[in-house]
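Overview (structure and organization)
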Amino acid sequence: MMFKKILIANRGEIAVRIIRTCRDLGIASVALYDETDAGSLHVRLADECVPLTSSLGYVDQDEVIAIARKTGAEAIHPGYGFLSEQPAFMRACEAAGLVFVGPPVELVELVKNKIAMLDRVAEAGFATPPHSSVAFDATDLDAISAEAARLGYPVIIKSCSGGRGHGTRVVRAPELLAEALRQAGAGSKAVFRDQRVYLEAAILPSHYVEVQVLGDRQGHLIHLGERDSSIQRNNQKIITESPAPYLTPAQREGIWGQALQIARLFGCYSACSVEFVLDRDGRTYFTEIKPRIQVEHSVTEMVASVDIVRAQLRTAWGDPLTIGQGDVLLRGSAMQCRIRAEDPLNNFLPSPGTIGLLRQPGGPNVRVDTYAYSGCDIPLRYEPMFAKLIVWGRDRADCLNRMRRAIEETFITGIQTNLPLVQSIFNDPHFEQGTYTTEFRRSLPGASTDPAELRDLAVIAAVTQALRAGAAQPTMPVRLGSGWHRSSRRLPS
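Residues numbered from 1 in each chain as written. Predicted model: local features only at pLDDT ≥ 70, side-chain atom pairs only at ≥ 80, totals over all residues. Heavy atoms only, no water.

Below, the discussion takes up the pattern of salt bridges. According to the stated counting rule, one finds 35 salt bridges in the structure shown. The shortest N-O distance in the salt bridge between Glu383 and Arg340 comes to 2.3 Å. Here the residue Glu383 occupies a position in the loop between strand 23 (377-378) and strand 24 (385-393), and Arg340 occupies one in strand 17 (residues 333-340), the gap between them amounting to 43 residues. Connected via shared salt-bridge partners are Glu13, Arg17, Glu301, Asp307, Arg367, Asp369 and Lys388. (Salt bridge = Lys/Arg side-chain N within 4 Å of Asp/Glu carboxyl O. Helix = DSSP H or I, 4+ residues; strand = E, 2+ residues; numbered from the N terminus.)

On to helix 10 (residues 297-304). Helix 10 sits mainly inside the fold: 8 of its 8 residues count as buried. All of the buried residues along helix 10 are His297, Ser298, Val299, Thr300, Glu301, Met302, Val303 and Ala304. Residue Ser305 follows helix 10 closely and has a positive phi angle near 55°. (Buried < 20%, exposed > 50% of the residue type's maximum accessible area, 1.4 Å probe, protein only.)

Here we take up the packing of aromatic side chains. What describes a pair of aromatic rings is the distance from one ring centre to the other and the angle between the planes of the rings. In the structure shown here, the tally under the stated rule is 8 aromatic pairs. Ring geometry for Phe89 and Phe100: centres 6.2 Å apart, planes at 75°, overall edge-to-face. Here Phe89, found in helix 4 (residues 87-95), pairs with Phe100, found in strand 5 (residues 99-100); they are 11 residues apart in sequence, far enough to count as distant. For Phe89, a relative accessible area of 0% puts it in the buried group. The buried category is assigned to Phe100, whose relative accessible area is 10%. Relative to Phe286, the ring of Phe276 has its centre 6.2 Å away and its plane inclined at 75°; by these criteria the two rings are edge-to-face. In this pair, Phe276 is assigned in strand 15 (residues 270-278) and Phe286 in strand 16 (residues 284-290), connecting sequence segments 10 residues apart. Through pairs of rings, three or more aromatic residues link up here, namely Tyr58, Phe82 and Tyr382. (Phe/Tyr/Trp six-rings, centres within 6.5 Å; stacked < 30°, edge-to-face > 60°.)

Shape descriptors only; they carry no functional weight alone.
In structure tokens form, the structure reads like this:
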């Protein structure tokens with residue numbers, strides 16, 4: 001017994017990923033799309049596709065639920081982002097007789113209260129970074145300045161309603177606080193509709209580690225090993241690998257054990273990630289729980305040989321996990337890079353448009369998760385990541401060589417991509433030695449782009465997209481000055 005039809009309330013590569021597992025299980029899938037996604041691969045692969053008419057698009061919970069009921073879907077898989085961590089949507093699904101594929105709403109409500117979550121974990125005896133005891137409105141500069149002085153710089157501004165990314169900023173000196181706070185508040189309000197923030201003492205340098213856990217409604221809980229996601233730009237992960245290359249066997253076992261205990265503390269089931277930072281002395285600090293599937297789940301699937309989406313669907317149906325901890329065999333090494341439509345040689349200018357030619361890498365143990373194909377449009381409206389390249393090797397050296405080869409095989413025309421950046425990372429001696437930390441991102445091109453310049457770049461990207469779409473010519477010519485045609489895929493040394 002299993003669901004007969006599922007609606008996927010998402011787009012892009014994660015929607016394609018879910019559709020494929022649905023097909024493996026004999027489940028019909030319903031895809032959603034707006035006008036910019038009409039030609040996307042997830043629309044072409046789904047058994048049914050329904051256009052969104054609301055200006056809110058994928059986050060209009062009323063329209064999403066109405067479509068699910070009209071098409072006869074029994075459950076909704078939210079993927080990541082959009083509605084995946086919205087308790088109001090989860091309760092609306094329940095009221096409409098639909099199963100939400102993911103953790104229980106009570107868990108999501110608990111972990112969305114970041115301060116209470118950290119306090120609860122600390123009370124249970126686990127180390128957490130020093131943090132503010134109350135939330136602040138992002139406009140309350142005086143109160144936040146006083147709290148930052150109490151914690152001591154550097155500090156991290158974090159959204160009270162979301163994880164890393166748009167609502168997170170590292171502040172290294174008092175004079176940088178006001179601008180970082182403005183950016184964090186604006187990002188948090190735009191993405192999470194909540195500009196409340198809290199502060200956390202920044203542990204620098206550090207390693208960023210996440211442990212994948214799976215649970216069912218019968219109380220079984222297992223881990224699938226850890227991933228390292230220390231290499232980031234603007235708090236967005238670029239490279240992820242498993243296992244973390246710097247951990248000793250004792251550290252690894254300790255982090256796994258802590259993750260399971262913390263997951264049990266909150267009653268986790270379905271797919272969740274428990275996240276930590278490790279300081280330069282190897283001390284471990286819990287930071288948060290992600291109550292959803294993550295972009296990086298594919299890395300874990302490669303080393304654990306477990307289909308995490310399948311496990312989500314089965315546990316949502318009510319089945320117990322089909323494996324226990326003793327059945328989990330972590331083999332070899334896996335790495336993933338995000339491929340994004342942006343130009344690292346031109347201040348990471350967004351590069352939406354139509355892909356001309358797309359040649360994906362192949363060979364043993366190479367996987368590409370994407371919604372793109374030759375002739376596909378990459379819209380400006382959404383996250384510029386359009387593909388993930390994941391490889392596996394019998395050990396880390398084998399995996400790294402395969403990743404380098406796979407990047408060399410990848411060929412994309414029509415848009416700029418961040419392939420020069422990821423290639424430079426995989427060729428960096430610090431990465432090869434496995435000695436990198438979160439501070440690695442400070443040396444990345446464009447890591448400290450001025451906010452005003454970022455705004456200008458966004459305007460240029462919008463104008464460029466309009467020109468490609470055949471809109472009116474601007475009164476003055478726009479010259480982007482990209483060095484792509486001169487550089488192939490390699491960044492200048």
